[in-house]
Amino acid sequence: MALQCGIVGLPNVGKSTLFNCLSNAKAQAANFPFCTIDPNVGTITVPDERLNTLAALVHPERIVPTTVEIVDIAGLVKGASQGEGLGNKFLANIRETDAILHVLRCFDDENVMHVDGIVNPVRDKEIIDYELQLKDLETVESRIGKVQKQAQTGGDKQAKTVFNVLLRYKAALEQGKPARTVRFDSKDDEKVARDLFLLTNKPVLYVCNVDEASAVPGNKYVDAVRDTIREEDAELLIVAAKIESEIAELETCEERELFLGEIGLQESGVNRLIKAAYRLLNLETFLTAGPQEVRAWTYRKGSKAPRCAGVIHTDFEKGFIRAEVIKYDDYVRLGSENACREAGKMYVEGKEYVVQDGDIMHFRFNV
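No experiment lies behind these values; they were computed from the predicted model shown. Residues take numbers from 1 onward in each chain, read along the sequence in its written order. Only residues with pLDDT of 70 or above have their local features reported here, since the model is predicted, and side-chain atom pairs are shown and tallied only from 80 upward, although totals for entire chains, interfaces and linings are computed over all residues. Heavy atoms throughout the structure, all of them, feed into the side-chain values; hydrogens and water do not.

## Quick notes on the environment of Leu-101
Positionally, Leu-101 belongs in strand β5 (residues 99–105). Separated by 172 residues in sequence, Leu-101 and Leu-273 have C-alpha atoms that sit 9.1 Å apart. Each residue touching Leu-101, except ones within four places of it in the same chain, is listed here: Cys-5, Gly-6, Ile-7, Val-8, Ile-70, Leu-205, Val-207, Leu-273, Ala-277 and Leu-280. Elements are defined by DSSP. Helices are runs of H or I of four residues or more, strands are runs of E of two residues or more, and each kind is numbered from the N terminus. Any pair of residues with heavy atoms lying within 4.5 Å of one another is described as a contacting pair.

So, in structure tokens, the structure goes:
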């Protein structure tokens, strides 16, 4: 199954509007809580200007970008960890995602009701944080009850490792800190931590949904969120979802660029969000270029050449011999694969080569 980012937030903060901008799938957007009950899944094209640049040199029959999946999850309310509202469904859906896009309302609009009456993105963030932390604490305490005796009285080294990891998470969660703030020194500890699948251990991007005037400079609400997350391992992105929805309705690139220029943006918030989601999932892209197609391929950052070959076809990984690699900048500067080969800019790499973002790859294999 593809890696997924889940869009979460309180009701009426702009989640579904943002999702509609991202995806051709149209989530219902209405001015009341729980409008989105079942998670809407959209397969989103990842913008990559390098594809068009290569296509201008290669003149392929087609261009194939890579994609990422975005899930629009029902709005959460206070008490979700105890099953309030659609809490159980919300928590189950978020557990299935690989990263979180946490949308916060950072705009005033008397025509759009707020579930708590007053716009306060820091409070909204804390409500969701609290519910996720409570659920994680419940998970951790349950696991401690199962492993504690074995860890303290037996000679099971693995049980001791698990127990110590759980204690560190318990301490952090009881202090109101997300699990992702806990750092481990050993690979054994890190593996145990990953296998717990804690909700607050997922990477998170805070998306501040603002009005048009705040699309570039931000506003007091954005500043408050930025101060709040200063010690978290998290990013922040400013997006004006309402304006983005209007941009998405424009038919031509020229119209969209003109609209963006009028509000002072060089790139749409949607494009920036998709790219940020891709990074949040720890993904990178390698490229293939030929007369049939110029194509982007997704791989996990840090993957070696055989694993990336397997992204194209499992036989490529099984019978991997070598990878021929051209750096993107060299390809663009010299203009073709042949020119790169003649200039000594095509590198032959083996099984231990760690693929870099933007590498143009050709795999040799034998099955």
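## Notes on the pairing of strand β10 (residues 320–326)
Here's how the labels work: a residue is buried when its accessible area is under 20% of the maximum for its type, exposed when over 50%, partly exposed in between, all with a 1.4 Å probe on protein chains only. With five of seven residues buried, β10 lies mostly within the body of the structure. Only strands joined by at least two bridges in the DSSP assignment are considered to pair. Bridge count for β10 against strand β12 (residues 360–365) is six bridges, and the pairing is antiparallel. Among the inter-strand pairings, Ile-326 is bridged to a residue of β12, identified as Ile-360. Bridge analysis of β10 against strand β11 (residues 346–349) gives four bridges, and the strand direction is antiparallel. Paired with Ile-326 across the strands is Met-346, a residue of β11.

## A look at the nonpolar core
Here, nonpolar core means buried Ala, Val, Leu, Ile, Met, Phe, Trp, Tyr and Cys residues that are tied together by side-chain atoms lying within 4.5 Å of each other. Ile-70 and Leu-101 are the most contacted members of the largest nonpolar core, which totals 60 residues. Here this core takes seven residues from helix α10 (residues 269–280), the largest share from any one element. Ranked by size, the runner-up nonpolar core spans 20 residues in total, among them Val-147, Phe-163, Tyr-169 and Leu-196.

## Description of the pattern of salt bridges
Salt-bridge detection follows one rule: a side-chain nitrogen of Lys or Arg within 4 Å of a carboxyl oxygen of Asp or Glu. Under the defined criterion, the tally for this structure stands at 23 salt bridges. Where Glu-293 meets Arg-295, a salt bridge forms, and the shortest distance between an N and an O atom there is 3.7 Å. Arg-341 is the partner of Glu-337 in a salt bridge, and the nearest nitrogen-oxygen pair spans 3.1 Å. Here Arg-341 and Glu-337 lie together in helix α14 (residues 337–342), a separation of four residues that amounts to about one turn. Several salt bridges share partner residues, and in doing so they unite Lys-125, Asp-129, Arg-180 and Glu-232 into one network.

## Looking at unusual backbone geometry
Backbone geometry at His-59 places phi at a positive 55 degrees, although glycine is not the residue there. If you trace the backbone, His-59 turns up in the loop between α2 (49–58) and β3 (62–64). Look at His-59 and you get exposed, because its relative accessible area is 61%. Its identity as a non-glycine residue notwithstanding, Asn-282 has a phi of 65 degrees, on the positive side. Among the secondary structure elements, Asn-282 is positioned in the loop between α10 and β8 (283–289). Overall, the relative accessible area of 35% leaves Asn-282 in the partly exposed class.

## A look at the environment of Val-112
With respect to the helices, strands and loops of the structure, Val-112 is situated in the loop between β5 and α4 (121–153). For Val-112, a relative accessible area of 26% gives the class partly exposed. Linking Val-112 and Asn-12, residues 100 residues apart in sequence, is a C-alpha distance of 7.3 Å.

## Remarks on the environment of Ala-289
The residue Ala-289 is located in strand β8 in this model. Ignoring any residue separated from it by four or fewer positions in sequence, one finds Ala-289 in contact with Val-58, Val-294, Tyr-331, Glu-337 and Ile-360.

## Quick word on the state of the cysteines
By convention in this document, the label disulfide applies to cysteine sulfur atom pairs within 2.5 Å. The final tally for this structure, using the stated rule, is zero disulfides. Cysteine Cys-208 shares no disulfide, and the gap to the nearest cysteine sulfur, in Cys-106, comes to 3.9 Å.

## Notes on the packing of aromatic side chains
The rule is short: rings of Phe, Tyr and Trp, with Trp giving its six-membered ring, pair when the centres are within 6.5 Å, and they are stacked under 30 degrees, edge-to-face over 60, tilted in between. Inspection of the entire model under this criterion finds six aromatic pairs. Consider the rings of Phe-286 and Trp-297, whose centres lie 6.3 Å apart with planes at 15 degrees: the pair is stacked. Taken together, the residues span a long stretch of sequence, with Phe-286 in strand β8 and Trp-297 in strand β9 (residues 293–300) at a distance of eleven residues. The buried category is assigned to Phe-286, whose relative accessible area is 0%. Classification of Trp-297 by relative accessible area gives buried; the value is 12%. One aromatic cluster in this structure is built from Phe-286, Trp-297, Tyr-299, Phe-320 and Phe-363. Lying over the aromatic face of Trp-297, Arg-295 brings its terminal NZ or CZ to 4.1 Å of the ring centre. As a reminder, the over-ring test applies to NZ of lysine and CZ of arginine, requiring each to be within 6 Å of the ring centre and within 35 degrees of the ring normal.

Any link to function would need more than the numbers given here.
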